[in-house]
Amino acid sequence: MQISPISFNNSVCPAKFHKNNPIKNPVTFKGYKFEKPLTLIEALNIKIDGYVADFSTHSGLINQFKELIKYMPKKLKEQRLTEILGSGARSIALERTDGEVLKLSVNNPFKNGRPIEDFDVPILEMKRFHFGQHEYYYSIQEKCSFNNIKGDDAEVLINKILDKGYDIDFEELRGRSGQFGYTRAGKLCVVDSEIVRKRF
């Protein structure tokens, strides 16, 4: 099939930060790097004077996770985090001191309960917990590189997803960086699982 061109260029986003916050400048697409490792509650309590990129509209999402801290497993609360990598409409990703990524999500990040596929980012651990009427997930996944995504690799990955009977949110794919990334082994994979959904 014909694949439309997709831009994977990372953009630099300016921001102003509260002078007392342990955040380094400049801030880029990769997110907010802390000057020292923080616990999850410390990371979620960072106060930002100027928001960056899509993080700006999700203070409500962050507040939900802060409310949930006391219900989270002890090992999750005590993890040490070095960076906020970014956030979406229903999730936030943070880097741990071991280099892996902690992702917190409202509802299942795999659309319509689709299974984890071999084209997805490697998931090391994934757990579900409930609070009220809502379902929350946390996962530990491999950190991927978003630099220099090759068009040929992207086309192979897209065709693989479509051939398996899934649909892709191409508007989301074209509009933002960070949807695809390379694993440590050099394999291009889907990092944002929400852009792939079951075909009905």
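Up top is the structure these notes are about.
Thresholds, definitions, all that
- Residues numbered from 1 in each chain as written.
- Predicted model: local features only at pLDDT ≥ 70, side-chain atom pairs only at ≥ 80, totals over all residues.
- Heavy atoms only, no water.
- Phe/Tyr/Trp six-rings, centres within 6.5 Å; stacked < 30°, edge-to-face > 60°.
- Helix = DSSP H or I, 4+ residues; strand = E, 2+ residues; numbered from the N terminus.
- Buried < 20%, exposed > 50% of the residue type's maximum accessible area, 1.4 Å probe, protein only.
- Polar contact = N/O pair within 3.5 Å; in protein donor to acceptor, adjacent residues only side chain to side chain.
- Contact = heavy atoms within 4.5 Å.
- Salt bridge = Lys/Arg side-chain N within 4 Å of Asp/Glu carboxyl O.
- Pairing = 2+ DSSP bridges.
- Axes fitted to C-alpha atoms, helices over the stretch in contact; angles between N-to-C directions.

**Student:** Just checking my understanding: could you explain the packing of aromatic side chains for this structure?
**Tutor:** Where two aromatic rings form a pair, the distance of their centres and the angle of their planes describe that pair. Counted according to the given criterion, the structure contains two aromatic pairs. Between F65 and Y136, the ring centres sit 6.2 Å apart and the planes meet at 70°, which makes this aromatic pair edge-to-face. Of this pair, F65 sits in helix α2 (residues 59-68) while Y136 sits in strand β6 (residues 134-141); the two residues are 71 residues apart in sequence, bridging distant segments of the chain. What makes Y136 buried here is its relative accessible area of 3%. Plain terms: the ring middles of F119 and Y166 are 5.7 Å apart, the flat faces sit at 80° to each other, and that makes the pair edge-to-face. Placement of the pair is F119 in the loop between β4 (101-106) and β5 (123-131) and Y166 in strand β7 (residues 166-168), with a sequence separation of 47 residues. With a relative accessible area of 6%, Y166 lands in the buried category.

**Student:** How should I be thinking about the side chain of E194 in this particular structure?
**Tutor:** Structurally, E194 is set in the loop between β9 (188-190) and β10 (196-198). Owing to a relative accessible area of 13%, E194 belongs among the buried residues under this scheme. Only 2.4 Å separates the side chain of E194 from the side chain of R90, close enough to count as a polar contact. Leaving out residues up to four positions away in the same chain, E194 has contacts with R90, S91, P109 and K111.

**Student:** Would you take a moment to explain the environment of S139 for this structure?
**Tutor:** Mapping S139 onto the fold places it in strand β6. Given a relative accessible area of 5%, S139 falls into the buried group. In this structure the C-alpha to C-alpha distance between S139 and M126, which are 13 residues apart in sequence, comes to 4.2 Å. Not counting chain neighbours up to four residues away, the residues in contact with S139 comprise V101, L102, K103, I123, E125 and M126.

**Student:** Whenever I open this one, the pattern of salt bridges confuses me. Can you help?
**Tutor:** Side-chain pairing between opposite charges can occur once the charged atoms of the two side chains come close. If you walk through the whole model with that rule in mind, you get 14 salt bridges. Where salt bridges share partners, they join E117, D118, K160 and K164 into one cluster.

**Student:** Teacher, can you tell me more about the sheet that holds β4 here?
**Tutor:** Across a sheet, strands are paired by hydrogen bonds formed along the backbone, either parallel or antiparallel in direction. Read from one edge to the other, the open sheet built from six strands follows the order β1-β2-β3-β4-β6-β5, with strand pairing classed as antiparallel. Only two strands of the sheet have a single neighbouring strand rather than two, namely β1 (32-38) and β5. Taking the axes of each pair of neighbouring strands and ignoring which way they run, one obtains an average angle of 20° across the sheet. Taken together, the five bridges between strand β2 (residues 81-87) and strand β3 (residues 91-96) define a ladder with antiparallel strand orientation. Residue I84 lies in a different strand from β3, and its bridge partner there is L94.

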